[in-house]
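Residues per chain are reported as follows:
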Amino acid sequence: AQSVTQLDSQVPVFEEAPVELRCNYSSSVSVYLFWYVQYPNQGLQLLLKYLSGSTLVKGINGFEAEFNKSQTSFHLRKPSVHISDTAEYFCAVSVVTGGGNKLTFGTGTQLKVEL
Amino acid sequence: DAGVIQSPRHEVTEMGQEVTLRCKPISGHNSLFWYRQTMMRGLELLIYFNNNVPIDDSGMPEDRFSAKMPNASFSTLKIQPSEPRDSAVYFCASSIQGTNEKLFFGSGTQLSVL
């Protein structure tokens, strides 16, 4: 079975500063990787996904993530954050074979952007 | 498209009562998922359907929980009897099966069992 670890439960950062949200996964088979964002009182929305090809994936709102197979990581980055980026961010993994769209989510990282 | 529609938005009930949560997936999507979100355990997959058929219900906590999908445009998650520890936000999501397209989430149902 696959699992996802988000070590940081909260990340405070000042506006316009860079940020990195960490995600590590564990799986015995190849995986697809995702980052979702949840704004207060809303459902989750897809930020970006890695299926294959280039290991650097760009998503919406200026976010990007890099797949590192040797380190089993998929960290999310943004060079300059905005107040509106304050939200909870979830890393997720699904298996390549037979898993369809069944996602396993991490526990989430609360990003708090301050002035 | 209106997106994934869940009702009710909020539900407050007393312990022992039956609770029914409803979900309308996006038209054309043939995979539907029920998730539960709590502070303690984060986002947990309860059950998912492909083409109205339950594929994996290993996340359903116990027999008090049941889910149905009588047709492609409607699903219910029922808790009977409800308990305070069932208090959580329940999300429904839909997608196109097998394409690893993104999940589209509803706005959730905030359930409080007193």
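Up top is the structure.
None of the values given here were measured: they were computed from a predicted structure. Here the residue numbering is sequential within each chain, running from 1 through the sequence in written order. Written order determines the labels here, with chains lettered from A and ligands numbered from 1. Local features are withheld for residues below a pLDDT of 70 in this predicted model, meaning they are given only at 70 or higher, and side-chain atom pairs are given and counted only at 80 or more; totals for whole chains, interfaces and linings count all residues. Side-chain numbers come from the whole structure's heavy atoms, not from hydrogens or water.

**Remarks on the pattern of salt bridges**
Residues and elements named next belong to chain B. Stated formally: A pairing counts as a salt bridge when a side-chain nitrogen of Lys or Arg comes within 4 Å of a carboxyl oxygen of Asp or Glu. Elements are defined by DSSP. Helices are runs of H or I of four residues or more, strands are runs of E of two residues or more, and each kind is numbered from the N terminus. Each residue is assigned to one of three classes by its accessible area relative to the maximum for its type, calculated with a 1.4 Å probe on protein chains only: buried under 20%, partly exposed between the two thresholds, exposed over 50%.
Counting across every chain of the model gives 13 salt bridges over all chains. In this structure, arginine 85 engages glutamate 62 in a salt bridge whose closest nitrogen and oxygen atoms are separated by 3.2 Å. Here arginine 85, found in the loop between strand S8 (74-79) and strand S9 (88-95), pairs with glutamate 62, found in the loop between strand S6 (53-56) and strand S7 (65-71); they are 23 residues apart in sequence, far enough to count as distant. Residue arginine 85 is classed as exposed on the basis of its relative accessible area of 52%. Here glutamate 83 and arginine 64 are joined by a salt bridge, their closest N and O atoms 3.5 Å apart. Highlighted residues: glutamate 83 in the loop between S8 and S9 and arginine 64 in the loop between S6 and S7, separated in sequence by 19 residues.

**With respect to the nonpolar core**
In globular proteins that are soluble, nonpolar side chains generally tend to be buried together. Residue and element names in this part refer to chain A. Condition: For our purposes a nonpolar core is just a set of buried Ala, Val, Leu, Ile, Met, Phe, Trp, Tyr and Cys residues, chained together by side-chain atoms within 4.5 Å. Contacts are assigned to residue pairs with any non-hydrogen atoms lying within 4.5 Å of each other.
Within the largest apolar cluster, 28 residues are counted, with the highest numbers of intra-cluster contacts made by Leu33, Trp35, Leu47, Leu48, Phe74, Leu76 and Tyr89. Breaking this core down by element, the ones donating at least two residues are strand S2 (10-14), strand S3 (19-21), strand S5 (31-38), strand S6 (44-50), strand S8 (64-68), strand S9 (73-78), strand S10 (87-95) and strand S12 (109-114). Discounting residues that sit within four places of it in the chain, phenylalanine 74 has contacts with Cys23, Leu33, Phe34, Trp35, Leu48, Tyr50, Ala65, Glu66 and Phe67.

**What to know about the pairing of S6 of chain B**
Residue and element names in this part refer to chain B. The condition that has to hold: Strands qualify as paired when DSSP identifies two bridges or more between them.
Alignment of strand S5 (residues 42-50) against S6, held across three bridges, turns out to be antiparallel. Along S6, the bridge assignment pairs phenylalanine 49 with proline 54. Following S5, the chain reverses through two residues before pairing antiparallel with S6; asparagine 51 in that reversal takes a positive phi of roughly 50°.

**Digging into the state of the cysteines**
As a reminder, the rule being used: By definition, disulfides here are pairs of cysteine sulfur atoms that lie within 2.5 Å.
Within this structure, the stated rule accounts for two disulfides over all chains. Here cysteine 23 of chain A connects covalently by a disulfide to cysteine 91 of chain A, the sulfurs 2.0 Å from one another. The S-S bond linking cysteine 23 of chain A to cysteine 91 of chain A shows a torsion near -65°; that makes this disulfide left-handed. With cysteine 23 of chain A in the loop between S3 and strand S4 (24-26) and cysteine 91 of chain A in strand S10, this pair connects stretches of sequence that are 68 residues apart. Comparing cysteine 23 of chain A with cysteine 91 of chain A, the two get one shared label, buried. Disulfide partner of cysteine 23 of chain B: cysteine 92 of chain B, at an S-S distance of 1.9 Å. Between cysteine 23 of chain B and cysteine 92 of chain B, the S-S torsion sits near -65°, and that sign places the bridge as left-handed. With a gap of 69 residues between them, cysteine 23 of chain B in strand S3 (residues 19-24) and cysteine 92 of chain B in strand S9 connect regions that are remote in the sequence. Judged by relative accessible area, cysteine 23 of chain B falls into the buried class, the value being 2%.

In short, geometric facts, not functional conclusions.
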